[in-house]
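# A closer look at the structure
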Amino acid sequence: MMRALLSALTGIFSGSAASNPKVACFHCGELVRQKRVVHVIFDGVCRDVCCHGCAAILSTVEQLGQCAPYLAQKQQLEMPDA
């Protein structure tokens, strides 16, 4: 009986992980399950972020008119030094 219950629970949890992949937060890079993603419009594009804190940062950057410098710095940090 216990073995059947454990097997059923393992199947449920392993199935949910496969059907709910993780995505990287646009701001900080933290991996978050797709069902937990917070969607925010930043620079006219819908971005996936991990939490409302990252969403607030992007909103503030946009309100201050600093989208271009933010995106330029983000791109520079993502590119390895040649």
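Residues numbered from 1 in each chain as written. Predicted model: local features only at pLDDT ≥ 70, side-chain atom pairs only at ≥ 80, totals over all residues. Heavy atoms only, no water.

## Structural notes on the nonpolar core
Counting 16 residues, the largest nonpolar core has Phe26, Phe42, Val49, Leu58 and Tyr70 as its most contacted members. Those elements that place two or more of their residues in this core are β3 (38–42), α2 (52–63) and α3 (67–78). With four residues, the top contributor of residues to this core is α2. Sequence-distant contacts of Tyr70, defined by excluding residues within four places in its chain, comprise Phe26, His27, Phe42, Leu58 and Val61. (Core = buried A, V, L, I, M, F, W, Y, C linked by side-chain atoms within 4.5 Å. Buried < 20%, exposed > 50% of the residue type's maximum accessible area, 1.4 Å probe, protein only. Helix = DSSP H or I, 4+ residues; strand = E, 2+ residues; numbered from the N terminus. Contact = heavy atoms within 4.5 Å.)

## Concerning the confidence of the model for the chain
Per-residue pLDDT for the chain has a mean of 85; in total, 73% of the residues score no lower than 70. Element-level mean pLDDT values for the chain span from 59 in helix α1 (residues 2–19) up to 97 in α2. (pLDDT = per-residue confidence, 0-100.)

## Overview of α2
Here α2 spans 16 Å end to end across twelve residues, near enough to the 16 Å set by a 1.5 Å rise per residue. Three or more residues of α2 are buried, namely Cys54, Ala55, Leu58 and Val61. Take α2 and look down its axis: the buried residues cluster within an arc of 125°, on one side only. Turned more than 90 degrees away from the buried face of α2 sit His52 and Gln63, all of them exposed. Each element contacted by the buried residues of α2 is listed here: β3, β4 (45–49) and α3. Downstream of α2 by one or two residues, Gly65 has phi in the positive range, about 70°. (Expected span 1.5 Å × (residues − 1). Arc of directions from axis to C-beta.)

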